[in-house]
Amino acid sequence: MAKVITGVGCPYCGASCDDIEVTVSDDGTKVLEVKNACAIGNQVFHHASTPGRITSPRLRQPDGTYKEISYEEAIDRAARILVNAKKPLIYGFGSTNCEGMSAAGRVAEKAGAVLDNCASICHGSSFLAIFDNGYPSCTLGEVKNRADVIVYWASNPAHAHPRHMSRYSIFPRGFFTGKGHMGRKIICIDPRVTDTARVADIHLQVQQGHDYELFNAFRTVLHGGDIPDMVAGIPKEKILEAAGIMKKARFGTVFYGMGLCHSDGRNHNVDIAISMTRDLNEFTKWTIMAMRGHYNIAGPGVVWSWQFGFPYCIDMTKRDLVHMNPGETSSVDLAMRDEVDAFVNIGTDAGAHFPIPAVQHLKKHPWITIDPNICMASEISDLHIPVAVVGVETGGVVYRMDNVPIQFKKVVEPAGGILTDEELFDKIYERMCELDQEA
Amino acid sequence: MGEYLIKNGFVFDPVQGINGDKSDVALKDGKIVETTALSSGATVIDASGMTVMAGGVDIHSHVAGAKVDVGRLLRPEDKLFKSPKKTGKVSRVEMGYSVPTTFKTGYDYTRMGYSFVMEAAMPPLEAPHTHEEMRDTPIIDMAAMPVYGNNWFMLEYLKNGEIENNAAYSAWLMTATKGFAIKVVNPGGTEAWGWGLNCTTIHDPVPYFDITPAEIIKGLIETNEYLRLPHSIHLHPNNLGNPGNYETTLETLRLAEGYSPKSDFGREQVLHNTHLQFHSYGGDSWGNFESKAKEVMDYVNQQKNLTIDLGCVTLDETTTMTADGPFEHHLNGLNHLKWANTDVELETAAGVVPYVYGKNVKVCDIQWAIGLEIALFAKDMMRTFLTTDHPNAGPFFRYPRIIKWLMSKQSRDELLHSFKWADRVIAATNLESIDREMTFNEIAQMTRAGPAKALGIAHMYGSLKPGMNGNVAVYNINPEHMPADPDEIEKAFLRAAYVFKDGVMVSRDGEILATPPKLALWVNAKVPENAQVRRDIYEKFRKYYSVNLENYPVRDELAPNQRVIELDITA
């Protein structure tokens, strides 16, 4: 008899849905069917059971090919690389659990490494704005139960967070929102006519790169000031209309995405979005939330804040003290300046995401990829250590985009007895301690 | 595990009535034992000329969980130039000042001779986060209080007067979150904050739910006594931080009249009012802001069924954080610094705002005086506990400084007279006219025996009786030759000469020597099967929560060393 597991967390996007039902084979090794997940989430589960998974570490040979090696050897090599490096960089963590992040934190401290996560090239600009201006936010259930106005600004959940609108924001019927989407006003602000814009009541097609001006216009209007006839490509009356709806909301939420973090202005765009939210709280209740990308990319920010006091760009090379200075201690900047002499890519794909010159510099030095899958990073690295797929082959705590911890489940046994991220980092740590003693 | 004989110290143990007698304390197998139980191989610690107390117990401190971590993330400047360099072999890096990392928190409490800390507010939905942080806080034993005062289940049950149902739900929530006690923060007001509103008196109806804070508080006292929990309800009342709020406070405290404790764990109170300093304000504006500590303490002194903690302002730059969401928004309107807020579905909210208690700001100085006055007006130190509502009124590592102020009139007068607006501060407070200086025994009551009793954990913590957990602090201060310089008092309590945790020497002169396993305490209360409540839980999760009921309870692996306090009220 196949077994159905309910309440499974989905290791795909930042919506971290935990209502997935997974049917697994008798022997608990194969995923047979996945219900409730979006198309992409569905694939993540099935992918774990796809034939051809890498199940043992691989070491790059002089002729450029990979040779399978034992975990023991891989762990020893990884430990030696970290011990010998002057300034190793451990980067990634978009797709692992908090147990793995915590274990990696201990390794990084021991190694005197720089520890960084994907926020560095993603919502890092949000952190900068939060450091300056705060973060009036809420959990997603609050949005579902109370919100009557939703703003998607520079984000496109229809594609990036496929179940976000149905589970949390537009469509669900909550406690004070029994009419579901009929009782909500949806405002979408995006230079493109996205699928999210298509379901919105109001779409303001802001001129690309001019979000800051538009926020400024909203703030001016909210405080009773006058604005020009056209701001950022939007006519004045449209701005007045949208601002009026926002001001009259009982509870509103701004969900913003990469369009703010990665267009001109970056952290300043997020900063003024937070200021607008603060302004709105003088009249009614408003909250703001970053549309975090991966299912646990909020995790490293949470875990490392309690361990080191900083969410990302954590430089431990001084060993007795930690400092963070994005621009100086951020992964891409370090790589572009060729300051790093060993690189660990974990739970992400720096090979695909980093600028080519950064990758070229990193490639001069030992490069270790820790990832269940074959990806661009694994294909150019010197050592590839496969690990269990979090949310499928191992459980653990993940933080959803609203920083709510969700306890994920394991649904099948790890393929071929591979280690979890946590086990792997703990073993690397132990090996590093042994090497220390030997020295 | 080694054996230790701590010899010839001046021992203060209010539970046994030992008041500075020169005697010996023995440790074996993680416990305090009779000196005769030791073998000849026991290590002897010469504590002559030093003060010996049981490990400290903190009844209220925000050290682990979602909003604490928001405070860390929000404030990189709290680390800059304010973090000590890592020392020693067993320790991790120690970052942060007003909101230290978990590692620094564990080490600093240990250095001060503390062995148990109660995390003051755990949003139930985020309980796994709190437990993850407690697991990563070394050495000190901990527990956490789930926040109840604005929970929708509770609002509905109490509105209908269903104490039994509320108790069944509360017991379920306690178990699901591995929580310890019923914490109440701005009852009703935080739910109102869901709409940007507040309840500033105990008679303001909660929007939609149509119940008043007074009804919530009484209902929760009844729930708590029905469940016979180790601790009483732990209340942060309405109207925190506003001039003239002492009237709200007195009205709130009067709600406990007529209730008596029902618990087998030795507590005598039915209501603990936390950080009373923030609730003892007179005047009707910041201009005529004044102390009402005397008025409030006159009432508290008469009522045996109340306990309080101070919430002393320490005049530091710090980070305020509370489940009182509307208060943080209000505070942000005063100082215009950055503001973080997290409303938690169906349960609570939280706000975080940095705050600078300036030495030359009149209001801050009056707050400082009020915190000390509350202690100095108290008649029963077994009901009055030392806290700073860390980090709200000041960081916890200022406890030794507060001890200095309480033990030395000279030290507090020097500070008082150094204020820019000293005359106005003196006029608005009683502090200058108070001559009282606390004794070591009273400090031991406020920091050990008292809080342990009020929490219902006096069978494990707060005393040096044989059989207690082997938690001992030895301070390098001689009660028979008090130093001429009061700063020496602070120094001695900040870095204990020796600290033992469960029989292991964990710290010596501030250096961390070992990090033995630490405990997470929680309460598992067995109640009669209640199909109605089971159905309510199922329905609310199905319709209104954004997480699955199956994934809500904190899993065992997040609390690797648990000490479960089992209760059975069906028996």
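Residues numbered from 1 in each chain as written. Chains lettered and ligands numbered in written order. Predicted model: local features only at pLDDT ≥ 70, side-chain atom pairs only at ≥ 80, totals over all residues. Heavy atoms only, no water.

**Observations regarding the overall build of chain A**
Right, so step 1: When helices and strands are counted, chain A shows 18 helices and 22 strands.
Right, so step 2: A total of 439 residues make up chain A; the buried ones form 64% of that total.
Right, so step 3: Long-range contacts, defined here as pairs at least 24 residues apart, represent 67% of the contacts in chain A between residues at least 6 apart.
Right, so step 4: In the structure as shown, chain A presents an accessible area of about 15300 Å², 51% of it carried by carbon and sulfur atoms.
Right, so step 5: Chain A carries 43 positive and 52 negative side-chain charges, and their two centres are separated by 5 Å. (Helix = DSSP H or I, 4+ residues; strand = E, 2+ residues; numbered from the N terminus. Buried < 20%, exposed > 50% of the residue type's maximum accessible area, 1.4 Å probe, protein only. Contact = heavy atoms within 4.5 Å. Areas by Shrake-Rupley, 256 points an atom, 1.4 Å probe, with all protein chains shown as cover. Lys, Arg positive; Asp, Glu negative; His and termini not counted. Charge placed at Lys NZ, Arg CZ, Asp CG, Glu CD.)

**Notes on the interface of chain B and chain A**
Right, so step 1: Residue-level contacts link 59 residues of chain B with 62 residues of chain A.
Right, so step 2: Carbon and sulfur atoms make up 54% of the surface buried where chain B meets chain A, a total of about 5100 Å² over both sides.
Right, so step 3: Contact with chain A buries area across many residues of chain B, yet B:Leu73, B:Trp195 and B:Trp339 alone supply 14% of it, more than any other trio.
Right, so step 4: Here chain B and chain A share 5 salt bridges between them.
Right, so step 5: Between A:Lys409 and B:Glu550 there is a salt bridge, with the nearest N and O atoms lying 2.3 Å from each other.
Right, so step 6: Counting across the interface, chain B meets chain A through 37 residue pairs in polar contact (both at pLDDT 80 or more).
Right, so step 7: Of all the secondary structure elements, the ones that give two or more residues to the side of chain B that touches chain A are α1 (66-74), α2 (102-111), α3 (127-135), α4 (152-159), α10 (325-335) and β16 (339-344) of chain B.
Right, so step 8: Element by element, the count of residues in the side of chain B that touches chain A is highest for β16(B), at 6 residues.
Right, so step 9: Relative to β16(B), strand β8 (residues 134-138) of chain A runs parallel, the two being bridged by 5 bridges. (Buried area = accessible area lost by both parts, 1.4 Å probe. Salt bridge = Lys/Arg side-chain N within 4 Å of Asp/Glu carboxyl O. Polar contact = N/O pair within 3.5 Å; in protein donor to acceptor, adjacent residues only side chain to side chain. Pairing = 2+ DSSP bridges.)

**Here's the deal with the domain arrangement of chain A**
Residue and element names in this part refer to chain A.
Right, so step 1: When its domains are assigned, chain A resolves into domain 1 (3-48), domain 2 (58-122 + 295-438) and domain 3 (124-290).
Right, so step 2: Here the C-alpha centre of domain 3 lies 34 Å away from the C-alpha centre of domain 2.
Right, so step 3: With 11 residues of domain 2 at the contact, the number on the domain 3 side is 16 residues.
Right, so step 4: Carbon and sulfur atoms make up 68% of the surface buried where domain 2 meets domain 3, a total of about 1100 Å² over both sides.
Right, so step 5: When the buried surface of domain 2 facing domain 3 is broken down by residue, Cys122, Met401 and Asp402 rank first, second and third, together holding 48% of it.
Right, so step 6: At the boundary of domain 2 with domain 3, the tally comes to 0 salt bridges.
Right, so step 7: Joining domain 2 to domain 3, the criterion identifies 6 residue pairs in polar contact (both at pLDDT 80 or more).
Right, so step 8: Residues belonging to the side of domain 2 that touches domain 3 are distributed by class as follows: 9 nonpolar, no polar and 2 charged. (Domains from an automatic or database assignment. Nonpolar A, V, L, I, M, F, W, Y, C, P; charged D, E, K, R; others polar.)

**Section: the pattern of salt bridges**
Residue and element names in this part refer to chain B.
Right, so step 1: Scanning the entire structure with this criterion turns up 63 salt bridges over all chains.
Right, so step 2: For the salt bridge of Asp108 with Arg111, the shortest nitrogen-to-oxygen distance reads 2.8 Å. Of this pair, Asp108 and Arg111 both sit in helix α2, 3 residues apart, which is roughly one turn of the helix.
Right, so step 3: Arg111 gets classed as buried once you look at its relative accessible area, which sits at 7%.

**Section: the environment of A:Ala217**
Residue and element names in this part refer to chain A.
Right, so step 1: In this fold, Ala217 is placed in helix α9 (residues 211-222).
Right, so step 2: Residue classification places Ala217 among the buried residues on the basis of a relative accessible area of 5%.
Right, so step 3: When the C-alpha positions of Ala217 and Ile227 are compared, they lie 6.4 Å apart, and in sequence the two are 10 residues distant.
Right, so step 4: If sequence neighbours within four positions are ignored, Ala217 has contacts with Ile227, Val231 and Ile239.

**Topic: the domain arrangement of chain B**
Residue and element names in this part refer to chain B.
Right, so step 1: Under the domain assignment, chain B is made up of domain 1 (4-53 + 461-512) and domain 2 (54-455).
Right, so step 2: Each of domain 1 and domain 2 was reduced to a C-alpha centroid, and the two centroids are 29 Å apart.
Right, so step 3: Counting residues at the interface gives 36 residues for domain 1 and 31 residues for domain 2.
Right, so step 4: Area buried by domain 1 at its contact with domain 2 is led by Tyr461, Glu490 and Ile512, which between them contribute 24% of it.

**Focus: the packing of α9(A) against helix α12 (residues 267-280) of chain A**
Residue and element names in this part refer to chain A.
Right, so step 1: One can describe the packing of α9 onto α12 by two numbers: an axis separation of 9 Å at closest approach and a directional angle of 15 degrees. Classified by the interaxial angle, the pair formed by α9 and α12 is roughly parallel. The handedness of the crossing between α9 and α12 comes out as left-handed. Residues Tyr212, Phe215, Asn216, Phe218, Arg219 and Leu222 of α9 pack against His268, Asn269, Ile272, Ala273, Ser275, Met276, Asp279 and Leu280 of α12.
Right, so step 2: Classifying every residue of the contact of α9 with α12 by side-chain character gives 8 nonpolar, 4 polar and 2 charged. (Axes fitted to C-alpha atoms, helices over the stretch in contact; angles between N-to-C directions. Parallel < 35°, antiparallel > 145°, perpendicular 65-115°, else oblique. Left-handed = near helix turned anticlockwise from the far one by under 90°.)

**With respect to helix α16 (residues 356-363) of chain A**
Residues and elements named next belong to chain A.
Right, so step 1: Listing the buried residues of α16 in full gives Ala358, Val359 and Leu362. What you see down the axis of α16 is that its buried residues fit within an arc of 95 degrees, all on one side. Turned more than 90 degrees away from the buried face of α16 sit Ile356 and Gln360, all of them exposed.
Right, so step 2: Where α16 is buried, its residues meet α14 (331-336), β18 (342-346), α15 (350-353), β19 (367-370) and α17 (376-380). (Arc of directions from axis to C-beta.)

**Some remarks on the sheet that holds strand β3 (residues 31-35) of chain A**
Residue and element names in this part refer to chain A.
Right, so step 1: Taken in spatial order, the 3 strands make up an open sheet running β1-β2-β3, and their pairing is antiparallel. The open sheet is flanked by β1 (3-8) and β3, the only strands paired with a single partner. Strand-to-strand twist across the sheet, computed as the mean angle between neighbouring axes with direction ignored, equals 20 degrees.
Right, so step 2: Bridge analysis of β1 against strand β2 (residues 20-24) gives 4 bridges, and the strand direction is antiparallel. Across the sheet, residue Val4 finds its bridge partner in β2, namely Thr23.
Right, so step 3: Running over the sheet, helix α1 (residues 39-48) touches β1, β2 and β3 and is turned about 165 degrees from β3.

**Observations regarding the pairing of strand β21 (residues 396-399) of chain A**
Residues and elements named next belong to chain A.
Right, so step 1: Of the two faces of β21, the one carrying Gly396 and Val398 and the one carrying Val397 and Tyr399 are both buried.
Right, so step 2: Summarising the sheet, β21 and strand β22 (residues 405-408) pair through 4 bridges and their orientation is antiparallel. Note that in β22 the partner of Gly396 across the bridge is Phe408.
Right, so step 3: Linkage of β21 to β22, two consecutive antiparallel strands, is achieved through a turn of 5 residues, within which Asn403 is found at a positive phi near 65 degrees.

**Re the packing of helix α5 (residues 163-177) of chain B against helix α7 (residues 213-227) of chain B**
Residues and elements named next belong to chain B.
Right, so step 1: As a packed pair, α5 and α7 sit with axes 9 Å apart at the nearest point and diverge in direction by 70 degrees. Relative to α7, the element α5 is oriented roughly perpendicular. When you trace α5 past α7, the crossing you get is right-handed. Where α5 abuts α7, its residues Ile163, Glu164, Asn166, Ala167, Ser170 and Ala171 lie against Gly219, Leu220, Glu222, Thr223, Tyr226 and Leu227.

**A closer look at the sheet that holds strand β10 (residues 185-189) of chain A**
Residue and element names in this part refer to chain A.
Right, so step 1: Pairing in this open sheet of 5 strands is parallel, and the strands run β11-β10-β9-β14-β15 from one edge to the other. Looking at the sheet topology across the chains shown, the edges are occupied by β11 (202-204) and β15 (285-290). Taking each pair of neighbouring strands and ignoring which way they run, the sheet shows an average axis angle of 15 degrees.
Right, so step 2: Along the sheet, α9 contacts β9 (149-153), β10 and β11; its crossing angle with β9, the most-contacted strand, is approximately 155 degrees.

**A closer look at the environment of A:Glu430**
All names here are of chain A.
Right, so step 1: With respect to the helices and strands, the residue Glu430 is situated in helix α18 (residues 421-438).
Right, so step 2: The exposure class of Glu430 is partly exposed, given its relative accessible area of 46%.
Right, so step 3: Through-space distance from the C-alpha of Glu430 to that of Gly416 is 23 Å; in sequence the pair is 14 residues apart.

**Some details on α5(B)**
Residues and elements named next belong to chain B.
Right, so step 1: Taking 1.5 Å as the rise per residue, α5 with 15 residues should run 21 Å; its terminal C-alpha atoms sit 21 Å apart, in good agreement.
Right, so step 2: A large share of α5 lies buried, amounting to 12 of its 15 residues.
Right, so step 3: Turning to α5, its buried residues number three or more, namely Ile163, Asn165, Asn166, Ala167, Ala168, Tyr169, Ser170, Ala171, Leu173, Met174, Ala176 and Thr177.
Right, so step 4: Directly after α5, the chain includes Lys178, whose backbone phi takes a positive value near 50 degrees. (Expected span 1.5 Å × (residues − 1).)

**Overview of the packing of aromatic side chains**
Right, so step 1: Counted under the stated rule, the structure contains 47 aromatic pairs over all chains.
Right, so step 2: Between the aromatic rings of A:Phe175 and B:Trp152, the centroid separation amounts to 4.6 Å while the plane-to-plane angle is 40 degrees, which identifies the pairing as tilted. Note that A:Phe175 is positioned in the loop between α7 (164-169) and β10 and B:Trp152 in helix α4, a pairing that runs across two chains.
Right, so step 3: Judged by centre distance (4.6 Å) and plane angle (65 degrees), the ring pair of B:Tyr281 and B:Phe289 falls under edge-to-face. As far as the burial class goes, B:Tyr281 and B:Phe289 line up, both buried.
Right, so step 4: Members of the aromatic cluster, each reached through a chain of ring pairs, are A:Phe175, A:Phe176, B:Trp152, B:Trp195, B:Tyr208, B:Phe209 and B:Tyr544. (Phe/Tyr/Trp six-rings, centres within 6.5 Å; stacked < 30°, edge-to-face > 60°.)

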